[in-house]
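Remarks on the overall topology
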Amino acid sequence: MSFFRDTFLIFRRQLRLSLRNPAWVIIGLIQPILYLVFFGPLLSKIAGGGLSGFPPGNSYSFFVPGLLIQLGLFGAAFVGFTIISDWRAGVIERFRVTPVSRTALLAGRVLRDVVTLLVQAVVLVLAGLAFGMRAPFAGVLIGLGFIAVVAISLSAISYTVGLLLKSEDALAPLINMFVVPLMLLSGIMLPITLGPGWLQGISRATPFRYIIDAMRQAFHGVYATTVMAEGICVAVGLAAVCVFVASRAFVRENA
Amino acid sequence: MAMIEAEGLARVFRSRRHTVEAVRGVDITVGEGEIVGFLGPNGAGKTTTLRMLTTLLRPTAGTATVAGADLLRDPLGVRRRIGYAPQAIGITAGGSDPNCTVIEELRIQAQVYRIPPADAAARIRLLLDQLELAGLEKRLCKTLSGGQRRRLDIALGLVHSPRLVFLDEPTTGLDPQSRSNLWDHVRALRDELGSTVFLTTHYLEEADALCDRVMVIDHGKIIAEGVPDELKHRISGDVITLSFGTAAGGAQAGLVLAGQPDVKDIAADGPSLRLSVDHGEQALPALLRSLDGAGLTLESVQLARPTLDDVFLTLTGRSLRDDSPVQPGPDAEPELAGTAS
């Protein structure tokens, strides 16, 4: 089908561009690796101290999923910048006048971001293993699956906002305004259950809370639970909404 | 067969505070093999019209058939048949990715049109030669010169051998040499490939040198249309400037020439007279004979053909020169309005 062929063409082009500048893939990894190295050891002390809220077992199996979400939030949410420079170069307009599927212009880019993020996630998981994380292989695969779906949501929505705003100056604060609270409320560093009731309440209204809880269970080898089902529903639902909104923006006559 | 047939094409931009009628109902007919120039100052509605004809912007009113496909019902059909090079001025560039190589850009363009690889390779080789880009295949687009980059933008619009090509301000920002070089390429498009070319420009020399036909647009309406020479004749006529030794001589000559049938208008300026005449080169001998008959001695004679700038000045009361400040009216197209969301 024409859409898949077009998506592949755009994906390959964008991937080639990424490989031309692999520095960004590495720079994106620096932040979570720093957390792993400089914050992880503190966390294992706290968790080891028997503080309530931490699941029993390896503290890195708790911490690495959080870092994966952080990687996804900061990696995929900022891809909107690249669509602004593409628009500025006239690339978007040039392709919109060709018969190429306009949805493929989005899908090819999102696919590239998913692949980039998965590569980064694998490196982060390996680093976690080096620090003493122990998690079942199947659980890690499920975690990577979550990361891929999260990447689809965030990258699609980031491209949409970038395409609509067409201004880096406006995009950066806007993304931070959403990403930072979403990250804090998901309980990336510490179990959100340590917090007071109101904080847990707000946290329950944000999507990444559910996703990260499910990922942590997967890393602890627990699969068939309500938490896992909730996590999958939230991740897939979020992706569906984001992709729907984004493809409408890309197909619109005037964008 | 007409390549473009548009009727009452209009576009209104609405925002919370105001409504802008960027294009207010234009009729356009372009025949096969024509090079047609769309001439107007910044903000006149050129780009908005072009964006509508290339399916980038949905018209708020009007209908059009572009390259045989209905613009509103079959935009994909239009896209398959036309080539387009976006404008490369202001904050947007002309379509090539700075971090891609020349050959990568040409190849992906061929791929999205589903041109078989062997045909694409031959076509790309031909375009590289024709547009003097051979040898630059492996270069990143950002390392090309302005003229090379612009030729690449145009080559990208030609990969699928479209019969109708839209060029938005093709030479803006280029030095005079690159500009006239690009004109040769546009002419070759028509002469060698039989393509129809629709271009926008705010350079009068460009419209004059390149286009078979010119449409002048201002404030979203087409205010004049025709072959450049015909437009010049119809609207301004030729100007003959006669200089006499003294102001008295000038005044006397004014009286003598006032009765001449060819003379439409006389303006005295000290010892000089400015005459507007219909066909200057034919009127001149008779005028000189009658001055001779009256015993008046001329110091010099000058015959000036009107330029499209004169045409524009006559039509709009404004000049269209590069260095003139742009003063869009309250209803002019806002900068890049077509791309605003």
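Please read all numbers here as calculations on a predicted model, not as lab measurements. (Residues numbered from 1 in each chain as written. Chains lettered and ligands numbered in written order. Predicted model: local features only at pLDDT ≥ 70, side-chain atom pairs only at ≥ 80, totals over all residues.)

1. Quick look at the overall build of chain A
Summing up its helical and strand segments, chain A has twelve helices and zero strands in all. In chain A, the order of α-helices and β-strands from amino to carboxyl end is α-α-α-α-α-α-α-α-α-α-α-α. On C-alpha atoms alone, chain A measures out to a radius of gyration of 19 Å, which is about the 18 Å that the 2.2 N^0.38 rule sets for 255 residues. Taken over the C-alpha atoms alone, chain A extends approximately 60 × 35 × 35 Å along its principal axes. The 255 residues of chain A split such that 47% are buried. (Helix = DSSP H or I, 4+ residues; strand = E, 2+ residues; numbered from the N terminus. Rg over C-alpha atoms; globule rule 2.2 N^0.38 Å. Buried ≥ 20, exposed ≤ 12 C-beta atoms within 10 Å, placed from the backbone.)

2. Quick notes on the overall build of chain B
Across its full length, chain B carries eleven helices and 14 strands. Across its three principal directions, the C-alpha atoms of chain B cover 80 × 50 × 35 Å. The proportion of buried residues among the 341 residues of chain B is 42%. For chain B, contacts bridging at least 24 residues in sequence account for 69% of all contacts bridging at least 6. (Contact = placed C-beta atoms within 7 Å.)

3. Observations regarding the pairing of strand β8 (residues 196-201) of chain B
All names here are of chain B. Along β8, six of the six residues are buried, which leaves the element largely enclosed by surrounding structure. The pairing of strand β3 (residues 35-39) with β8 spans five bridges and is parallel. Looking across to β8, one finds that Val 36 is bridged to Phe 198. Both strand β7 (residues 164-168) and β8 contribute to a ladder of five bridges, which runs parallel. The residue bridging Val 165 from the neighbouring strand is Val 197, located in β8. Once you follow β7 into helix α6 (residues 176-193) and on to β8, the crossover reads as right-handed. (Pairing = 2+ DSSP bridges. Right-handed = clockwise from strand over helix to strand, strands pointing away.)

4. Quick notes on the interface of chain B and chain A
Contacts between the two partners involve 27 residues from chain B and, on the opposite side, 21 residues from chain A. Per-class residue counts for the side of chain B that touches chain A are 14 nonpolar, nine polar and four charged. (Nonpolar A, V, L, I, M, F, W, Y, C, P; charged D, E, K, R; others polar.)

5. What to know about unusual backbone geometry
Residues and elements named next belong to chain B. Despite not being glycine, Arg 114 shows a phi value in the positive range, around 60°. Secondary-structure assignment places Arg 114 in the loop between α3 (102-112) and α4 (117-130). The phi dihedral of His 219 is positive, around 50°, even though this residue is not glycine. With respect to the helices and strands, His 219 occurs in the loop between β9 (213-218) and β10 (221-226).

6. Quick look at the sheet that holds β7(B)
Residue and element names in this part refer to chain B. Pairing within the open sheet is mixed, and its six strands lie in the order β6-β7-β8-β3-β9-β10. The strands lining the two open edges of the sheet, one partner per strand, are β6 (82-85) and β10. Across this sheet, the average inter-strand angle for adjacent strands is 15°, counted without regard to direction. Here β3 pairs with β9 via four bridges, running parallel. By the bridge assignment for β9, Gly 37 is matched with Val 214. Against the sheet, helix α5 (residues 146-158) touches β6 and β7, its axis set at about 165° to β6. Across the sheet, helix α8 (residues 228-235) lies against β9 and β10, angled at about 105° from β10, the strand it touches most. (Axes fitted to C-alpha atoms, helices over the stretch in contact; angles between N-to-C directions.)

7. Looking at helix α11 (residues 308-316) of chain B
For an α-helix, 3.6 residues make a turn, and residues three or four places apart therefore share a direction. Residue and element names in this part refer to chain B. Regarding α11, the residues found buried are Leu 308, Val 311 and Phe 312. Along the long axis of α11, the arc covered by the buried residues comes to 95°, so they all point the same way. Looking at the packing, one finds that the buried side of α11 touches α7 (204-210), β9, β10 and α8. The positive-phi residue at the C-terminal boundary of α11 is Gly 317, with phi of around 75°. (Arc of directions from axis to C-beta.)

8. Some thoughts on the domain arrangement of chain B
Domain assignment breaks chain B into domain 1 (2-232) and domain 2 (237-304). Taking only C-alpha atoms into account, the centre of domain 1 of chain B sits 45 Å from that of domain 2 of chain B. (Domains from an automatic or database assignment.)

9. Brief notes about the nonpolar core
Counting 75 residues, the largest nonpolar core has A:Val64, A:Leu68, A:Phe146, A:Val150, A:Ala156 and A:Ile211 as its most contacted members. Tallying contributions element by element places helix α8 (residues 137-165) of chain A first for this core, with 14 residues. Residue contacts for A:Phe146: discarding those within four places in its chain leaves A:Ile211, A:Ala214, A:Met215, A:Gly231 and A:Ala235. Counting residues in hydrophobic clusters, the runner-up holds 69 residues, among them B:Leu71, B:Ala85, B:Val159 and B:Ile222. (Core = buried A, V, L, I, M, F, W, Y, C linked by C-beta atoms within 7 Å.)

10. Some details on helix α2 (residues 23-38) of chain A
All names here are of chain A. Counted at 1.5 Å a residue, the expected span for α2 with its 16 residues is 22 Å, and the 22 Å between its end C-alpha atoms agrees. The principal kink in α2, of about 30°, is found at Ile 30, preceding the proline Pro 32 by one to four residues. For α2, every residue scored as buried is listed here: Pro 32, Tyr 35 and Leu 36. (Expected span 1.5 Å × (residues − 1). Bend = angle between axes of the 7 residues up to and from the residue.)

11. Considering the sheet that holds strand β12 (residues 263-269) of chain B
All names here are of chain B. If you trace the four strands from one edge of the open sheet to the other, you get β12-β13-β11-β14, paired in antiparallel fashion. Looking at the sheet topology across the chains shown, the edges are occupied by β12 and β14 (298-304). Averaged over all pairs of adjacent strands, the angle between strand axes in this sheet comes to 15°, irrespective of strand direction. In this structure, β12 lies alongside strand β13 (residues 272-277), joined through six bridges in antiparallel fashion. Residue pairing for β13: Asp 269 is matched across the bridge by Ser 272. Here helix α9 (residues 247-258) sits on the sheet and contacts β11 (238-244), β12 and β13; the angle it forms with β12, its principal contact strand, is near 170°. Contacts between helix α10 (residues 280-293) and the sheet are confined to β11, β13 and β14, with β14 contributing the most and set at about 165° to the helix.

12. What about the packing of helix α11 (residues 207-219) of chain A against helix α12 (residues 226-251) of chain A?
Residues and elements named next belong to chain A. Two elements in contact, α11 and α12, have axes separated by 8 Å at closest approach and are oriented at 135°. Classified by the interaxial angle, the pair formed by α11 and α12 is oblique. In the packing of α11 onto α12, the handedness of the crossing is left-handed. Across the interface between the two elements, Pro 207, Tyr 210, Ile 211, Asp 213, Ala 214, Met 215 and Gln 217 of α11 pack against Val 227, Met 228, Glu 230, Gly 231, Ile 232, Val 234, Ala 235 and Leu 238 of α12. For the contact of α11 with α12, a count of residues per class yields eleven nonpolar, two polar and two charged. (Parallel < 35°, antiparallel > 145°, perpendicular 65-115°, else oblique. Left-handed = near helix turned anticlockwise from the far one by under 90°.)

13. A few points about the environment of B:Ala224
All names here are of chain B. Secondary-structure assignment places Ala 224 in strand β10. Its 19 C-beta neighbours within 10 Å are what place Ala 224 among the partly exposed residues. If we ignore the near neighbours within four places in the chain, the residues touching Ala 224 are Val 216, Leu 231, Ile 235, Val 311 and Leu 315.

14. Some points on the packing of α3(B) against α5(B)
Residues and elements named next belong to chain B. Direction vectors running N to C along α3 and α5 enclose 20°, while the axes themselves pass 9 Å from each other. The angle between α3 and α5 falls in the class roughly parallel. The chirality of how α3 crosses α5 is right-handed. Between α3, through Val 102, Glu 105, Leu 106 and Gln 109, and α5, the contact on the second element is made entirely by Leu 152, Ala 155 and Leu 156. Each residue belonging to the contact of α3 with α5 can be placed in one class, and the counts come to five nonpolar, one polar and one charged.

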